[in-house]
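An overview of the molecular structure
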Amino acid sequence: MHKLDGVSPEAANGPEGGPALDWHSIDWVTEEGGVRRLRQRIFKASQEGDLKRVRNLQKLMLRSRSNTLVSVRRVTQQSTGRKTAGVDGKVALTPKRRAALAEEVQSESSRRPDPVKRVYIPKSNGKQRPLGIPAIADRVHQARVKNALEPEWEARFEFRSFGFRPGRSCHDAIESIFSMVKGPLTRRRWVLDADLSAAFDRIHHDHLMQAIGAFPGRGAIRGWLKAGMLERGKWAPTEEGTPQGGVISPLLLNIALHGMEGAAGVEWYVSHGRPGTKSTTPVLVRYADDFVVLTHTREEAEKAKRELAEWLEPRGLHFNEEKTQIARLEEGFDFLGFNIRRSGDGKCIIRPSKDAVRRLRDRLRTEVQALHGSNAAAVVRRLTPVIRGWATYYRGVVSSATFSSLDDYVWRLTYRWARRAHPNKSKTWAVDRHFGQFNKSRKDRWVFGDRESGTFLPKFAWTPIVRHVTVRAGASPDDPALQDYWAKRRRKKAPPVMGKVSVQLAFRQQGLCPLCGTTLITGAEYEPDSPREWIDWFAAVAKTLHKHHFVYRREGGGDSLKNLRLAHADCHRQHHEAEDRLTGRKKKTPSGSA
C-alpha cells in the first residue's frame, strides 16, 4: 500500500462507504501515534523555516482520519466540558454517537459554524466570567485545526510564554520569576505587574488573521470568529474577540500576543547551545494574558509599559489600569494566586496569596455548611478534592505555615459539623465518633473520618513541599528530539491525585495508559491554571482512571502490583466490552476506580 507523506491514504482521507465505524474497535495507540508523529513533523519543518513543507503537512493533518478520531475522543471523552451542549443541544456521550460524530466530521469538506452559546461562570473575585460554548461538531473541527496549527507555533513561541501550552504550566511561570529575582546580587528590583482588560473578548480579528498567515485552515478560523453569539435566544454578531470556551481560543490568544517580549525590550543570547536573557534588559514572564515585566529601575518599568501599550493597541487590547501596577520587589506582588517578594536579605519568598487563602476558607466554610444533615462519608468525599487540589497547586512554594493554619481551620469546621450532627450527644462522644488515628501511617488522632467506611479527610500539611523544576527553555512535546526528556519529566510530575497503589502504577507505566498509549492524566499535557481548576480537576480525575487486572479476578487473579495496571476508565470499559463481544460473555461494567 502506498503512503502519502508517512500516512496511509485511508488514514488521510477516511473510508468511502463501507461498514459503520465501531468505536470500540479503534486502535488508539495507532491513531494517537499517527497524530503525534505528524505534529512532530510540522514542528520540525517550522523549526527549520521550511514554510512550504509546514503547509503541506498541515493540509495532510486536516485531511487525516486519525486526527478526526483523536479530536472526537478528546472533545467527547477527555474534555471537562464534554457534557455541555452548544446551541444545537447535542452531546456525544455514547460510543455510537461518537462514531457517528466522527463519520460526520470526516465527511464534511466545509461546515458553516453555529453561533456559540453564551454562559457565565463565577470568577474568583465574585464576578462572572463569560464563556462561549461552540456546538459539539464545531469543537471537534477546532480540535482538528488546533492539531495542525499548534505545532507550527510551538516552534516559534517565546521561551517564557507558559499559558495554555502543552507541557507548560503556571508553576513554570512562577519558578521562572523565582530564578530571575533570587539571590542578593540580582539587579532587577522592580516589577510591572500587568493585567489586560477582557483580552479574549477584544482580540482584533484582522490582526490575528494576518499573524496566522496562509495557514490552510484560516477560512474555518475566520468562520468561528465571525459566527456570532446566542444569549437568551437573541443572536449578536462577534466583531472582535475569540470566545472563551472554544477549543482553539487559547491558542489564538497566544498567537495574538506573540512578540510581546520584543515590545518590552527583552533581548536574548545563546551560549553553549543554551538561551538566556541579557542581564541589561528586562525580563517578561507571560501566562496567557497575565504577565509581569521585571526591570532594573522604575523608569525602565514605565518605559516598558508605554511601549507595550503602543504594541497592544493594534491588537485591540489595552491595560486594565486599576489592576496594573509598578512596584518594588520588596513590596511584593500577586501573580497567578501567589505572592512574590524579596526579603531584606535578598531572598525571594513565594507564598500563597492572602486573597487565595481567603477564597479557599470561604469555599471550605460554604461546603461544610451545605453538608449539614449529611453523613461523615459525604463530608470526606466533598472536601478531599478541595484539600488535595489546593495543596498540590501550592506545594512548590513556601506553604508549610499556610497549610498548618488551614488544617486548624478545617478542624474547627468539622468539629462544629460533628457537634451539629449530634446535638444530643456530648462533646467527647462526638469527638470519639468522628476523629481518630484513621491514617495508620501517621500518629495523629485528630483526623476527621468515617468509622463505617474507614475513609478520612487528608490534611494540607501531609502534602510535602516539592520545588517545581522549570521546563527547559524552548522545549516542546512536539519536538521529536526531546522525547526522552518529556518521558522523564512525565514520570516525575505525577501528583498525589490517587491512592498509593495507583501512584506506583502510574510511575511504573511512565504516566501512560497501557491500553491507548496516551497520558493517564490530562494535566500532564495541559495543567489546570488556577487553584479552583485544580480542585475541580482532582474531583473528576479519580473517576477517569481504573485499575485493570492482567489475570482477572474470576480467573484467580489478585490485587498485587504485578497483576495490576492503571488505565483510563473509558479504555477499561472499551477493552472489556470488545472482549465480551468476542467471547459472548454477558456485558458487565468493569470496576476498579483509582
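Residues numbered from 1 in each chain as written. Predicted model: local features only at pLDDT ≥ 70, side-chain atom pairs only at ≥ 80, totals over all residues. Heavy atoms only, no water.

What follows deals with the overall build of the protein chain. Looking only at helices and strands, the protein chain has 21 helices and 17 strands in total. Each of the 594 residues in the protein chain was classed as buried or not, and the buried ones make up 52%. For the protein chain, contacts bridging at least 24 residues in sequence account for 68% of all contacts bridging at least 6. Surface summary for the protein chain: the accessible area is close to 28500 Å², and the carbon and sulfur share equals 50%. (Helix = DSSP H or I, 4+ residues; strand = E, 2+ residues; numbered from the N terminus. Buried < 20%, exposed > 50% of the residue type's maximum accessible area, 1.4 Å probe, protein only. Contact = heavy atoms within 4.5 Å. Areas by Shrake-Rupley, 256 points an atom, 1.4 Å probe, with all protein chains shown as cover.)

Right, let's talk about the sheet that holds strand β2 (residues 128-133) for a bit. With mixed pairing, four strands are arranged side by side in an open sheet as β2-β1-β4-β5. In this open sheet, the two edge strands, each paired with only one partner strand, are β2 and β5 (234-236). In this sheet, adjacent strand axes meet at a mean angle of 40° when their direction is disregarded. As judged from the two bridges shared by strand β1 (residues 116-122) and strand β4 (residues 229-231), these two strands associate in the parallel manner. Bridging across to β4, Val116 finds its partner in Met229. (Pairing = 2+ DSSP bridges. Axes fitted to C-alpha atoms, helices over the stretch in contact; angles between N-to-C directions.)

All chains considered together, the criterion is met by 26 salt bridges. Taking the shortest distance from any N to any O, the salt bridge between Arg222 and Asp206 comes out at 3.5 Å. Taken together, the residues span a long stretch of sequence, with Arg222 in helix α10 (residues 218-225) and Asp206 in helix α9 (residues 205-212) at a distance of 16 residues. Judged by relative accessible area, Arg222 falls into the partly exposed class, the value being 30%. Salt-bridge contacts for Arg382 lead to Glu367; the nearest nitrogen and oxygen are separated by 2.9 Å. Separated by 15 residues along the polypeptide, Arg382 in helix α15 (residues 376-393) and Glu367 in helix α14 (residues 354-370) bring together distant segments of the chain. According to the relative accessible area criterion, Arg382 is partly exposed, its value standing at 37%. The buried category is assigned to Glu367, whose relative accessible area is 14%. Shared partners join several salt bridges into a network, and the residues in it are Glu108, Arg111, Asp114 and Asp138. (Salt bridge = Lys/Arg side-chain N within 4 Å of Asp/Glu carboxyl O.)

Moving on, we come to helix α4 (residues 65-78). Over its 14 residues, α4 extends 19 Å from the first C-alpha to the last, a length consistent with the 20 Å expected when each residue adds 1.5 Å. For α4, the tally of buried residues reaches 11 of 14 residues, placing the bulk of the element in the interior. Restricting attention to buried positions, one finds in α4 the residues Ser66, Asn67, Thr68, Leu69, Val70, Ser71, Val72, Arg73, Val75, Thr76 and Gln77. The backbone nitrogen of Ser66 has a side-chain oxygen 3.2 Å away, supplied by the residue at the start of α4, namely Ser64. (Expected span 1.5 Å × (residues − 1). Polar contact = N/O pair within 3.5 Å; in protein donor to acceptor, adjacent residues only side chain to side chain.)

What follows deals with helix α16 (residues 400-421). Here α16 spans 31 Å end to end across 22 residues, near enough to the 32 Å set by a 1.5 Å rise per residue. Every buried residue of α16 is listed here: Thr402, Phe403, Leu406, Asp407, Tyr409, Val410, Leu413, Thr414, Tyr415, Trp417 and Ala418. Looking at the buried side of α16, the elements it contacts are β13 (348-352), α14, α15, α17 (427-434), β14 (435-436) and β15 (447-448).

For residues with low pLDDT, the predicted coordinates do not support detailed interpretation. Put simply, the protein chain has an average pLDDT of 86, and 88% of its residues get 70 or more. Element-level mean pLDDT values for the protein chain span from 43 in helix α1 (residues 9-13) up to 97 in helix α3 (residues 51-63). When the criterion is pLDDT under 50, residues 1-18 qualifies, and its contacts beyond four places in sequence or with other chains add up to 33 contacts. (pLDDT = per-residue confidence, 0-100.)

For any pair of aromatic rings, geometry is given as the distance between the ring centres together with the angle between the planes. One pass over the structure, following the stated rule, counts 21 aromatic pairs. Seen in terms of ring centroids, Trp23 and Trp28 are 5.3 Å apart; in terms of plane orientation they differ by 65°. Their pairing is edge-to-face. Accessibility classification places Trp23 together with Trp28 in one group, the buried group. Through a chain of ring-to-ring contacts, the aromatic side chains of Phe338, Trp390, Tyr393, Tyr394, Phe403 and Phe460 assemble into a single cluster. Across the ring face of Trp28, the terminal group of Arg73 is positioned such that the distance to the ring centre comes to 4.7 Å. Lying across the ring of Tyr485, Arg472 places its NZ or CZ 4.4 Å from the centre. (Phe/Tyr/Trp six-rings, centres within 6.5 Å; stacked < 30°, edge-to-face > 60°. Lys NZ or Arg CZ within 6 Å of the ring centre and 35° of its normal.)

The subject of this paragraph is the pairing of β1. In the case of a regular strand, side chains alternate between the two sheet surfaces. In the sheet, β1 pairs with β2 via six bridges, with the strands oriented antiparallel. Looking across to β2, one finds that Lys117 is bridged to Ile133.

Strand order in the open sheet formed by three strands is β11-β12-β13, with antiparallel pairing between adjacent strands. The sheet is open, and its two borders are formed by β11 (333-335) and β13, each paired with just one other strand. The average undirected angle you get between the axes of adjacent strands in this sheet is 30°.

We now examine the packing of α4 against helix α5 (residues 95-107). In the contact formed by α4 and α5, the axes pass within 9 Å of each other and the chain directions differ by 135°. With respect to their mutual orientation, α4 and α5 come out oblique. Considering only the axes of α4 and α5, their crossing is right-handed. Taken together, the residues of α5 that come into contact with α4 (itself represented by Arg65, Thr68, Leu69, Val72, Thr76 and Gln77) are Arg98, Leu101, Ala102, Val105 and Gln106. (Parallel < 35°, antiparallel > 145°, perpendicular 65-115°, else oblique. Left-handed = near helix turned anticlockwise from the far one by under 90°.)

A separate point is unusual backbone geometry. Keep in mind that most residues, glycine aside, have a negative phi and that most peptide bonds are trans. Despite not being glycine, Ala198 has its phi angle at roughly 45°, a positive value. Its place among the elements puts Ala198 in the loop between β3 (190-195) and α8 (199-202). For Ala198, a relative accessible area of 35% gives the class partly exposed. Notably, Arg232 is not glycine yet its phi reads approximately 55°, a positive angle. Mapped onto the fold, Arg232 is located in the loop between β4 and β5.

Core analysis: the largest hydrophobic core is formed by 138 residues, its most contacted members being Ile221, Leu308, Phe335 and Phe460. Counting residues per element, this core draws most heavily on α15, which supplies 10 residues. In contact with Ile221, other than residues within four places in its own chain, are Val145, Leu149, Met209, Ile212, Phe215, Ile248 and Leu252. (Core = buried A, V, L, I, M, F, W, Y, C linked by side-chain atoms within 4.5 Å.)

Another point: empty space enclosed by the protein. Per the counting criterion, the structure on display carries four cavities of 30 Å³ or more. Those elements giving two or more residues to the lining of the largest cavity turn out to be α6 (136-154), α10 and α11 (249-257). Counting residues per element, the lining of the largest cavity draws most heavily on α10, which supplies three residues. Here the second largest cavity defines a volume of roughly 40 Å³. Lining the second largest cavity are His171, Ile174, Glu175, Phe338, Gly396, Val397 and His468. Among the elements that make up the lining of the second largest cavity, the one with the highest residue count is helix α7 (residues 170-181) (three residues). Classifying every residue of the lining of the second largest cavity gives three nonpolar, three polar and one charged. (1 Å grid on protein atoms, 1.4 Å probe; cavity = no way out; pocket = protein on both sides within 12 Å on 5 of 7 lines; lining within 4 Å. Points joined across faces, edges and corners; volume = space filled by probe spheres on them. Nonpolar A, V, L, I, M, F, W, Y, C, P; charged D, E, K, R; others polar.)

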